[in-house]
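Chain by chain, the residues:
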Amino acid sequence: MTDLTSLVVTHRDADVLAQAVAARAITAITDAQAARGSASIVLTGGGIGGATLRAVAASALRDTVDWGRLDVWWGDERFLPAGHPERNETQARDALLDHVPVDPVRVHPMAASDGPAGADLEAAAGRYVDALAAAGDPAFDVLLLGVGPDGHVASLFPGLPGLADERPALPVRNSPKPPPERISLGLSAI
């Protein structure tokens, strides 16, 4: 496997970037499935995140992925009701997941504010910690992350306590970017 830790690739525009990331993601997923039988991916939101998922859905190579052997996770989520258009899950389903034969049991969305934990953000984040533990604290094959203009990754914002939190998933309160309540993978999981 190629060490990509020091590789920086630039593209002329957002569309080409999304297509390039989609191609690399498809390749990494199919390589992992060939090596181990299954693969896992962490999805992100945002403009490029959504464009990347749409590029995967439109790719001629999308059918090289065995969607029934892919675990889908999220890097972060806005703590809003299920189906809310600003939820990363809703956007990912619209862009990709509703268009491929992914196994619903292998899709692991972060809790919604109207889910089993209700409006308890701490409990909702704890449910994601439990889901990760139940899956054996997976090492992700593909981790899609964007970097916000303020330097945030997932919902880990510069200067906020989440950066020092060692839990694999954590509640985020007082996000400087609306909405103020979120759930995020912690740096230990990322």
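I will try to describe carefully the structure that is included in this document.

Rules used in this analysis
- Residues numbered from 1 in each chain as written.
- Predicted model: local features only at pLDDT ≥ 70, side-chain atom pairs only at ≥ 80, totals over all residues.
- Heavy atoms only, no water.
- Helix = DSSP H or I, 4+ residues; strand = E, 2+ residues; numbered from the N terminus.
- Buried < 20%, exposed > 50% of the residue type's maximum accessible area, 1.4 Å probe, protein only.
- Contact = heavy atoms within 4.5 Å.
- 1 Å grid on protein atoms, 1.4 Å probe; cavity = no way out; pocket = protein on both sides within 12 Å on 5 of 7 lines; lining within 4 Å.
- Points joined across faces, edges and corners; volume = space filled by probe spheres on them.
- Nonpolar A, V, L, I, M, F, W, Y, C, P; charged D, E, K, R; others polar.
- Core = buried A, V, L, I, M, F, W, Y, C linked by side-chain atoms within 4.5 Å.
- Phe/Tyr/Trp six-rings, centres within 6.5 Å; stacked < 30°, edge-to-face > 60°.

## A short note on the overall build of the chain
Of the regular secondary structure elements, the chain holds four helices and six strands. When the helices and strands of the chain are placed in sequence order, the string is α-β-α-β-β-α-α-β-β-β. Each principal axis of the C-alpha distribution contributes one length, and for the chain these read about 40 × 35 × 30 Å. Per-residue burial over the chain gives 43% buried out of 190 residues. Sequence separation of 24 or more characterises 67% of the internal contacts of the chain that already satisfy a separation of 6 or more.

## Overview of empty space enclosed by the protein
Empty space among the atoms becomes visible once a probe the size of a water molecule is rolled across them. Taken as a whole and judged by the stated rule, the model has one cavity of 30 Å³ or more. Around the largest cavity, the lining is made up of 14 residues, and of these Ile29, Ile41, Trp67, Leu70 and Leu96 lie nearest the centre. Elements with a contribution of two residues or more to the lining of the largest cavity: helix 1 (14-36), strand 1 (39-43), helix 2 (46-58) and strand 2 (70-74). Of the residues forming the lining of the largest cavity, the biggest block, three residues, is contributed by helix 1. A breakdown of the residues in the lining of the largest cavity according to their chemical character gives 14 nonpolar, no polar and no charged.

## Examining the layout of surface pockets
Of the pockets and cavities examined, the largest pocket occupies roughly 1,700 Å³. If you trace the largest pocket, you find 46 residues lining it, with Val21, Val142, Leu143, Leu144 and Leu145 closest to the centre. Taken together, the elements giving at least two residues each to the lining of the largest pocket come down to helix 1, helix 2, strand 3 (76-78) and strand 4 (142-143). Tallying contributions element by element places helix 1 first for the lining of the largest pocket, with 11 residues.

## Observations regarding the nonpolar core
Of all hydrophobic cores here, the largest spans 42 residues; its most connected members are Leu43, Val72, Trp74 and Leu97. Broken down by secondary-structure element, the contributors of at least two residues to this core are helix 1, strand 1, helix 2, strand 2, helix 3 (88-95), helix 4 (121-134) and strand 6 (182-185). Beyond its immediate chain neighbours, meaning those up to four positions away, Leu97 contacts Leu43, Val72, Trp74, Ala92, Val102 and Val107.

## Here we look at the packing of aromatic side chains
Evaluation of the coordinates by the stated rule reveals two aromatic pairs. Ring centres 5.8 Å apart and planes at 80 degrees place the aromatic pair Trp73 and Tyr128 in the edge-to-face group. With Trp73 in strand 2 and Tyr128 in helix 4, the pair connects residues that are 55 residues apart, well separated along the chain. Across the pair, Tyr128 and Trp73 agree in class, each one buried. An aromatic cluster of at least three residues, connected via ring pairs, comprises Trp73, Tyr128 and Phe140.

## Let's talk about helix 3
Buried within helix 3 are the following residues: Asn88, Glu89, Thr90, Ala92 and Ala95. Where helix 3 is buried, its residues touch strand 1, helix 2, strand 2 and strand 3.

Any functional reading would require information beyond the geometric quantities listed.
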